[in-house]
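Results of the structural survey
The primary structure of each chain is shown beneath.
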Amino acid sequence: MSKTFRPSTLNQRLLLPPELREWLPEGHLALCVSEVGDALDLSARFVGYEQGAGRGQPPYAPALRGKLLVYAYCTGTPASRQIERAT
């Protein structure tokens, strides 16, 4: 049985603005990091989730966490507590 992840998509509908992508201008660093992150093969990261106990809330997808870390490092926010406050 595979582990389910919390859904995350930049195209999801919200109240304001309708899409998350509309918050960012064309060519923004976050969009570049997201595109590169989507192109990576992260299949090895899913092995631990496949063998998990299945308890607790669904985790965030490894690709989403990786994108967040890369973007934070690129913008000069290397500390986990700073990243937490920023998100």
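Here's a quick rundown of the structure. On a predicted model such as this, the values are computed, not experimentally measured, just so you know. (Residues numbered from 1 in each chain as written. Predicted model: local features only at pLDDT ≥ 70, side-chain atom pairs only at ≥ 80, totals over all residues. Heavy atoms only, no water.)

**Brief notes about the overall build of the protein chain**
Summing up its helical and strand segments, the protein chain has four helices and zero strands in all. In the protein chain, the succession of helices and strands from N to C terminus is α-α-α-α. Out of the 87 residues belonging to the protein chain, those deemed buried represent 16%. Once local pairs closer than 6 in sequence are excluded, the contacts in the protein chain between residues at least 24 apart make up 50%. By element, 57% of the accessible surface of the protein chain is carried by carbon and sulfur atoms, the whole surface being about 6900 Å². (Helix = DSSP H or I, 4+ residues; strand = E, 2+ residues; numbered from the N terminus. Buried < 20%, exposed > 50% of the residue type's maximum accessible area, 1.4 Å probe, protein only. Contact = heavy atoms within 4.5 Å. Areas by Shrake-Rupley, 256 points an atom, 1.4 Å probe, with all protein chains shown as cover.)

**Regarding the pattern of salt bridges**
Counted according to the given criterion, the structure contains one salt bridge. Asp38 is the partner of Lys67 in a salt bridge, and the nearest nitrogen-oxygen pair spans 2.6 Å. Taken together, the positions of Lys67 in helix H3 (residues 62-74) and Asp38 in helix H1 (residues 29-39) put the pair 29 residues apart, joining distant regions of the chain. Classification of Lys67 by relative accessible area gives buried; the value is 17%. The class for Asp38 is exposed, based on a relative accessible area of 51%. (Salt bridge = Lys/Arg side-chain N within 4 Å of Asp/Glu carboxyl O.)

**Brief notes about H3**
End to end, H3 covers 18 Å across 13 residues, agreeing with the expected 18 Å (1.5 Å per residue, within 8%). Of the positions making up H3, those classed as buried are Pro62, Lys67 and Ala72. Remark: Gly76 follows H3 within two positions and exhibits a positive phi of approximately 80°. (Expected span 1.5 Å × (residues − 1).)

**Description of H1**
Those residues of H1 that sit buried are Leu31, Val33, Ser34 and Gly37. Looking straight down H1, one finds its buried side chains confined to an arc of 160°; they lie on one side. Residues of H1 that are exposed and point more than 90 degrees away from the buried face comprise Glu35 and Ala39. If you follow the buried residues of H1, they end up packed against H3. (Arc of directions from axis to C-beta.)

**As for the state of the cysteines**
Within this structure, the stated rule accounts for zero disulfides. Summary of cysteine pairing: Cys74 is not part of a disulfide, and the nearest cysteine sulfur, belonging to Cys32, is at 8.4 Å. (Disulfide = S-S within 2.5 Å.)

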